[in-house]
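Geometric and topological summary
Listed below, chain by chain, are the residues.
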Amino acid sequence: MIQISALPAFTDNYIWLLQDHRNHCCAVVDPGDASPVLAWLEQHPGWRLSDILITHHHHDHVGGVERLKQHSGATVHGPAREKIPARDNALDDNDQLQILGWDFTVLAVPGHTLGHIAYYHRGLLFCGDTLFAAGCGRLFEGTPEQMHHSLSRLAALPDDTLVYCTHEYTLGNLRFAQAVEPDNPDIAQRLEKVVQMREQGVMTLPSTLALEKLTNPFLRTGETSVKQKADERNGQDNPSQSAVFAALRAWKDKF
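Residues numbered from 1 in each chain as written. Predicted model: local features only at pLDDT ≥ 70, side-chain atom pairs only at ≥ 80, totals over all residues. Heavy atoms only, no water.

The protein chain is annotated in an unreviewed UniProt entry as Hydroxyacylglutathione hydrolase of Pseudomonas sessilinigenes. The annotation that UniProt attaches to the protein chain under Function (unreviewed entry) is "Thiolesterase that catalyzes the hydrolysis of S-D-lactoyl-glutathione to form glutathione and D-lactic acid." Comment text from UniProt for the protein chain, heading Subunit (unreviewed entry), reads "Monomer." (UniProt positions renumbered as here; feature names shortened; annotations may be inferred.)

1. Notes on unusual backbone geometry
Working note: non-glycine residues mostly have negative phi, and peptide bonds are mostly trans. Going from Leu205 to Pro206, the amide bond is cis rather than trans, its omega being 0 degrees. Its place among the elements puts Pro206 in the loop between helix 6 (185–199) and strand 14 (207–208). We note that Asp30 has phi near 55 degrees; this positive angle belongs to a residue other than glycine. Position of Asp30 among the secondary structure elements: in the loop between strand 3 (25–29) and helix 1 (35–43). The backbone of Ala86 shows a phi angle near 60 degrees, a positive value even though the residue is not glycine. As for its placement among the helices and strands, Ala86 is situated in the loop between strand 5 (75–79) and strand 6 (89–91). (Helix = DSSP H or I, 4+ residues; strand = E, 2+ residues; numbered from the N terminus.)

2. Looking at the packing of aromatic side chains
The full count for this structure, using the stated rule, is 10 aromatic pairs. Ring centres of Phe104 and Phe126 lie 6.3 Å apart, and the angle between their planes is 50 degrees; this geometry places the pair in the tilted category. With a gap of 22 residues between them, Phe104 in strand 8 (residues 102–108) and Phe126 in strand 10 (residues 124–128) connect regions that are remote in the sequence. As far as the burial class goes, Phe104 and Phe126 line up, both buried. Between Phe132 and Tyr169, the ring centres sit 5.0 Å apart and the planes meet at 80 degrees, which makes this aromatic pair edge-to-face. (Phe/Tyr/Trp six-rings, centres within 6.5 Å; stacked < 30°, edge-to-face > 60°. Buried < 20%, exposed > 50% of the residue type's maximum accessible area, 1.4 Å probe, protein only.)

3. As for the UniProt feature "binding site: Zn(2+) 1" (unreviewed entry) in the protein chain
Taken from the UniProt record, the annotation "binding site: Zn(2+) 1" (unreviewed entry) applies to His56, His58, His112 and Asp129. In summary, the annotated positions, though distributed over 74 residues, converge in three dimensions, the widest C-alpha pair being only 9.9 Å. A relative accessible area of 3% means that His112 is categorised as buried. Ignoring sequence-local partners within four residues, the contact set of His112 consists of His56, His58, Asp129, Gly137, Arg138, Leu139, Phe140, Glu141 and Met147. Separated by 3.2 Å, the side chains of His112 and His58 make a polar contact. Topologically, Asp129 is positioned in the loop between strand 10 and strand 11 (131–132). Among all residues touching Asp129, those that are not within four sequence positions of it are His56, His61, His112, His116, Cys136, Gly137, Met147, Thr166 and His167. (Contact = heavy atoms within 4.5 Å. Polar contact = N/O pair within 3.5 Å; in protein donor to acceptor, adjacent residues only side chain to side chain.)

Okay, here's the thing in structure tokens:
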């Protein structure tokens, strides 16, 4: 059985650590800083870092890769369409790979960056900065249409999929979600719970796709209440779900 835990980094990043207790091998996802990973390895003698999974090229996701590669010789997997330091395995849409005995499918999810990928294993999704708990990543390189398509693709995965994104943004995202849907009881309930969790210093991840579909406005662009709010916000009739998404993302950028 593989255990998944979080190594906090910077102010709000999580480096996901996958641990195979049978073989004392581990893998990490998006190590923007090598130090938390090296500290964990030092505290767990006998463990070997075998794989590093990268979702996209931003420094807070790749900054620790070269140091970890030098220290452990781990295989670095990352998107083929982006410049990833020390990458051994260039991955594209629908590629398959095996990590610690688990089979993963690579999903191309452009939007936040053009080459962004996600890693999916039945019941688990490592999605970097594409889908957040109650939110989504900013559009640094892609178009609203690309990001909406990427999110729709992730939303089509099974409802019980655990969502392992890379930032602790849930509280701020839910405050925005409540502004979009002030009468949504699921958002109100989740916000109340997350406020308590953050006051106690408890992390809010992973989420589930089922919960995201109830509370994440960026996955709810087909809901009448969300479209009405987006139309009201930018003073026009948004003719498609991707247009609703674009209006929401522009609003969130200034929220």
